[in-house]
Amino acid sequence: MKMKKYNATSIAEAMKQIRADLGEDAIILNSKVVITKKFFGFVKNKSYEVVAGYDRIEKKPTISSLPDIPAYTSLNNEQQHIPSQPMKQSVEPAFAQAPQADSSLPSNLVKEIADLKSIMQSMQRMSTQSQYPDELLPFVDFLKQQELGEELITAISDELFMHYHKNHEISWENMQNIAKDFLRKELYALPISGLSYEKKYINVLGPTGVGKTTTIAKMAARSVLEKKKKVGFITTDTYRIAAIEQLKTYAALLQAPVEVVYNAEDYATAINKLAHLDLIFIDTAGRNYREAKYVNDLKTLINFSEQAESYLVLALTAKQKDLESIIEQFKDLTIEKFIFTKLDETNSIGTMFNLMIKYNKGLAYYTDGQEVPEDIEQPNSDSLLELFFKENLDERSS
C-alpha cells in the first residue's frame with residue numbers, strides 16, 4: 001500500500017486533495033489536528049494532518065486512449081469553424097483562462113466558455129459537502145437549513161469527521177453535542193443576558209418595522225413587574241403618529257410618563273423632567289439605517305453618554321447581508337448587545353449566531369410574538385443552543 005500525508009485548513013479541503021491525487025479508492029489511515037503558534041505563542045493556527053493510502057496499480061492513459069474532442073461549431077448564422085486541439089491540460093485550468101480568451105474567437109463562444117467556467121466553480125463550491133462521509137451529510141444539511149455561516153458549518157463538520165474517523169460511527173445525538181460544544185466556545189466570551197440595570201438611559205435603536213416600540217414595552221414591563229423599577233419613556237419617532245400613540249398606550253398601562261421630543265433642546269428638557277426615575281427607555285425613529293445620514297441624525301439628537309446603554313434591534317426575517325449593512329452603519333456607536341425580533345416568523349435562526357460571532361456582540365433578548373410582556377425571552381448560551389436544535393429535536397422525538 002502506498003501512503004501519503006496531506007496538510008490542509010479543513011478536513012473537506014484535505015479530502016478534496018486526496019480524491020484529486022489518489023482517486024475514489026483512497027482510504028483515510030490517520031488524521032489529527034495540528035496547532036502551530038506564531039508571534040511568541042499569542043497567535044494559534046489550526047490545520048489538519050491526514051494520512052491517506054491506496055492499494056491499486058495506476059495505469060496512466062496515453063494520448064491515443066483519450067476520447068476524441070469534437071470540433072466546436074458556433075451557433076451563429078456565420079458558419080465559423082474552430083478546429084479541435086489535443087487536450088493536454090485538465091478542464092479547470094483551461095476554463096480558468098477564459099477571461100483572457102483570444103479575441104479572434106467568436107463572441108458567443110467566449111461567453112459560453114465563461115458561463116461554463118462559472119457553472120464549474122459553483123459545482124466545485126457545492127462539492128465541499130460531498131467530501132464528508134454519508135453519515136454526516138444529513139446533519140450538515142440541517143446546519144445549512146438553519147442558515148448557519150459557511151465557515152462555522154465547515155469547522156463543525158471537521159469536528160464531526162474527526163470523531164467519526166476515530167470511532168467509525170457517530171449518532172445524531174453525538175453530532176448535536178459536538179456542534180453545541182463548538183458553538184458554546186464561540187459564544188463563551190459574549191455577554192448573553194438582559195438589561196444590566198446599571199445605566200439609567202436605555203437607547204433602543206433599529207430600522208423601521210422591526211418592532212422597537214413593542215420590544216421597549218416588553219422590557220419596561222419586565223423592569224416594573226420583576227425588578228420594581230420606576231420607568232419613563234422618551235420617543236424621538238415623530239415620523240409616525242401611530243408609534244407615539246402606541247407607546248402612550250403601553251405607558252398608561254404601566255403608569256409611566258412619556259415625553260415626545262423633536263430636537264436636541266426637547267431631548268434635554270425631557271431628560272430633566274424624568275430625572276427622578278430609575279430607568280428611561282428611549283424609542284428612536286425607525287429609519288433606513290443603511291444610509292449613514294440617519295445614523296448621524298441620531299448622534300446629534302441623543303446623548304450616548306456613559307450613563308446610557310444602547311441595544312440594536314434586528315428582525316430575524318431580514319436577509320443577513322441587509323442586517324450586516326445596518327450593523328456597519330452603527331459601528332461608531334457603542335452597541336452593548338443585539339435584540340432579535342420576529343423569531344416566531346422564521347424557520348431558521350442561524351443568522352443570530354452568525355452576527356453575534358462575526359461582530360463580537362452579545363444578546364440581550366429575542367422576541368417571539370406580539371404579547372406584552374410575555375413574548376420576550378432573556379436567554380443564555382445553553383438556552384440559545386437548545387433553541388437552535390429545538391425543531392430538529394422535536395422531529396426526532398416524534
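Residues numbered from 1 in each chain as written. Predicted model: local features only at pLDDT ≥ 70, side-chain atom pairs only at ≥ 80, totals over all residues. Heavy atoms only, no water.

(A) Expanded view of the pairing of strand β6 (residues 201-205). Of all the five residues making up β6, five are buried; the element is thus mostly covered by neighbouring parts of the structure. Judged by which residues are buried, β6 turns out to be covered on both faces: Y201, N203 and L205 on one side and I202 and V204 on the other are all buried. Bridge analysis of β6 against strand β9 (residues 279-283) gives four bridges, and the strand direction is parallel. The residue of β9 that forms the bridge with V204 is D283. (Buried < 20%, exposed > 50% of the residue type's maximum accessible area, 1.4 Å probe, protein only. Helix = DSSP H or I, 4+ residues; strand = E, 2+ residues; numbered from the N terminus. Pairing = 2+ DSSP bridges.)

(B) Layout of the nonpolar core. Among the nonpolar cores identified, the biggest contains 78 residues, and F338, F340, M352 and M356 are the most heavily contacted of them. Considering each element in turn, this core owes the most residues, eight residues, to helix α5 (residues 150-167). If we skip the residues at most four places from it in the chain, F338 touches L312, L314, I327, L355, M356, Y359, K361, G362, L363, A364 and Y365. Counting residues in each nonpolar core, the second largest holds 21 residues, with I216, V231, A256 and I339 among its members. (Core = buried A, V, L, I, M, F, W, Y, C linked by side-chain atoms within 4.5 Å. Contact = heavy atoms within 4.5 Å.)

(C) Examining the packing of helix α1 (residues 11-22) against α5 more closely. Direction vectors running N to C along α1 and α5 enclose 70 degrees, while the axes themselves pass 8 Å from each other. One way to sum up the angle between α1 and α5 is to call them roughly perpendicular. Along its contact with α1, which presents I11, A12 and M15, the element α5 presents D158, F161 and M162. Split by residue class, the contact of α1 with α5 holds five nonpolar, no polar and one charged. (Axes fitted to C-alpha atoms, helices over the stretch in contact; angles between N-to-C directions. Parallel < 35°, antiparallel > 145°, perpendicular 65-115°, else oblique. Nonpolar A, V, L, I, M, F, W, Y, C, P; charged D, E, K, R; others polar.)

(D) Fine view of the sheet that holds β6. Taken in spatial order, the eight strands of this open sheet run β8-β7-β9-β6-β10-β11-β12-β13, and their pairing is mixed. The open sheet has two edge strands, β8 (258-260) and β13 (376-377), and neither has a second partner. In terms of strand pairing, strand β7 (residues 231-235) meets β9 through five bridges, oriented parallel. Pairing of T235 across the sheet is with D283, part of β9. With respect to the sheet, helix α9 (residues 264-273) is in contact with β6, β7, β8 and β9, its orientation differing from that of β7 by roughly 175 degrees. Sitting on the sheet, helix α12 (residues 350-359) is in contact with β10 (308-315), β11 (335-341) and β12 (362-367), with an inclination near 170 degrees to β11.

(E) Quick peek at the pattern of salt bridges. Considering all chains together, one arrives at seven salt bridges under this definition. The residue R222 makes a salt bridge to E226 at a minimum N-O spacing of 3.4 Å. Placement of the pair is R222 and E226 together in helix α7 (residues 212-227), with a separation of four residues, close to one helical turn. By sharing partners, the salt bridges in this structure join D181, R184 and D382 into a single network. (Salt bridge = Lys/Arg side-chain N within 4 Å of Asp/Glu carboxyl O.)

(F) Representation of α5 within the structure. For α5, built from 18 residues, the straight-helix expectation of 26 Å at 1.5 Å per residue is met to within 8% by its first-to-last C-alpha distance of 26 Å. Residue H168 follows α5 closely and has a positive phi angle near 65 degrees. (Expected span 1.5 Å × (residues − 1).)

(G) Representation of the pairing of β9 in the model. Counting buried positions along β9 yields five of five residues, so the element is predominantly enclosed. Of the two faces of β9, the one carrying L279, F281 and D283 and the one carrying I280 and I282 are both buried.

(H) Geometry of the side chain of T235. Positionally, T235 belongs in strand β7. When sequence neighbours within four positions are dropped, the list of residues in contact with T235 reads I244, L247, E259, V260, V261 and D283.

Keep in mind these values describe shape, not function.
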